[in-house]
Amino acid sequence: MNRVYLGLGSNVDRVKHIQLAIAAVMQLGQVKLSPVYESESIGFAGEPFYNLVAELHTQLSLTQLVDSVRATERLHGRQKNEQRFAPKTLDIDILSFNDACGEFSGVCLPRDEILENAFVLKPLADIAPDQLHPLLKLSYAELWRRYDKPQALQQIPWPPEAMG
C-alpha cells in the first residue's frame with residue numbers, strides 16, 4: 001500500500017470543483033482529508049483559492065496515480081498546457097509518494113510547494129503532524145512551526161452546507 005499526500009485546489013467555482021476533487025480521490029483508495037483553507041492567489045491577480053490536502057493509501061503505482069490525477073483535472077476543465085500562475089478549475093498535485101525523492105513519471109518528489117506555500121504546509125501539518133518530510137527529515141508540524149512567509153490563510157467551514 002502506497003501512502004500519498006495530494007494537494008487539492010480551485011479558484012474557479014471552488015465549492016463544486018473541490019467537491020469533485022474529493023470524490024475523485026476517494027475512488028483511488030482510503031482517504032483522510034485536512035480542513036479546507038481559503039488562500040490568496042499567488043503569482044497572479046485572481047480570485048482566492050480553496051485548498052486542502054488528502055492523505056491517500058492506494059494500490060496505484062506512481063505512474064497510474066499521475067495518469068488518474070491528470071485525467072481528473074482534464075475532465076473538469078483543466079487544459080493540458082495551462083500557465084502555472086493562472087486561475088484553476090481544479091489542481092491536484094502529488095506532494096509526496098511514500099518517501100520517494102527525485103523525479104519520477106515527470107513528477108518531482110517531494111514537491112517544492114510543501115515548503116513554499118502555507119496552503120500546502122498547514123493542511124499537511126493538520127493531518128500528518130508527525131510525518132517526516134522525505135528530504136529534510138523534519139515533521140510537518142515542526143516545518144509549520146518554522147514557517148515564516150507572509151501568506152494569508154483562513155480555515156473555512158466544510159462541507160459547504162456548514163457555510164450557511
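Residues numbered from 1 in each chain as written. Predicted model: local features only at pLDDT ≥ 70, side-chain atom pairs only at ≥ 80, totals over all residues. Heavy atoms only, no water.

Visitor: Residue-level account of the pattern of salt bridges, with values.
Guide: The tally for this structure, following the rule as stated, stands at eight salt bridges. Put simply, Glu-38 and Arg-14 hold a salt bridge, and the shortest N to O gap is 2.7 Å. A residue pair is termed long-range when its members are at least 10 positions apart, and Glu-38 in strand 3 (residues 36–39) and Arg-14 in helix 1 (residues 14–26) qualify at 24 residues. With its nearest N and O atoms 2.7 Å apart, the salt bridge here joins Glu-142 to Arg-146. Highlighted residues: Glu-142 and Arg-146, both in helix 5 (residues 140–146), separated by four residues, approximately one helical turn. Under the relative-accessibility criterion, Glu-142 is labelled partly exposed at 22%. The network of salt bridges with shared partners includes Asp-93, Arg-111 and Glu-113. (Salt bridge = Lys/Arg side-chain N within 4 Å of Asp/Glu carboxyl O. Helix = DSSP H or I, 4+ residues; strand = E, 2+ residues; numbered from the N terminus. Buried < 20%, exposed > 50% of the residue type's maximum accessible area, 1.4 Å probe, protein only.)

Visitor: Explain the state of the cysteines to me, and be specific about the residues and the numbers.
Guide: Throughout the structure, instances matching the rule amount to zero disulfides. Between Cys-101, a cysteine without a disulfide, and Cys-108, which holds the nearest cysteine sulfur, the sulfur-to-sulfur distance is 9.2 Å. Classification of Cys-101 by relative accessible area gives partly exposed; the value is 33%. (Disulfide = S-S within 2.5 Å.)

Visitor: Run through helix 1, naming residues and quoting values.
Guide: The end-to-end C-alpha distance of helix 1 is 18 Å, a good match for the 18 Å that 13 residues give at a rise of 1.5 Å each. His-17, Ile-18, Ala-21, Ile-22, Ala-24 and Val-25 are the residues of helix 1 that are buried. Burial along helix 1 is one-sided: seen end-on, the buried residues are contained in an arc of 165°. On the buried face of helix 1, the contacting elements are strand 1 (2–10), strand 2 (30–33), strand 4 (49–58), helix 2 (62–75) and strand 5 (91–97). (Expected span 1.5 Å × (residues − 1). Arc of directions from axis to C-beta. Contact = heavy atoms within 4.5 Å.)

Visitor: So what's going on with the nonpolar core? Which residues, and what values?
Guide: By size, the foremost hydrophobic cluster in this structure holds 25 residues, and its most contacted members are Val-4, Leu-6, Leu-8, Leu-65, Ile-92, Ile-94 and Leu-109. Only strand 1, helix 1, strand 4, helix 2, strand 5 and strand 7 (107–109) provide two or more residues apiece to this core. Ignoring anything within four residues of it in the chain, the contact list for Ile-94 reads Val-4, Tyr-5, Leu-6, Leu-62, Leu-65, Val-66, Val-107, Leu-109 and Arg-111. Counting 15 residues, the second-largest nonpolar core is a separate cluster that includes Tyr-5, Ile-114, Ala-118 and Leu-121. (Core = buried A, V, L, I, M, F, W, Y, C linked by side-chain atoms within 4.5 Å.)

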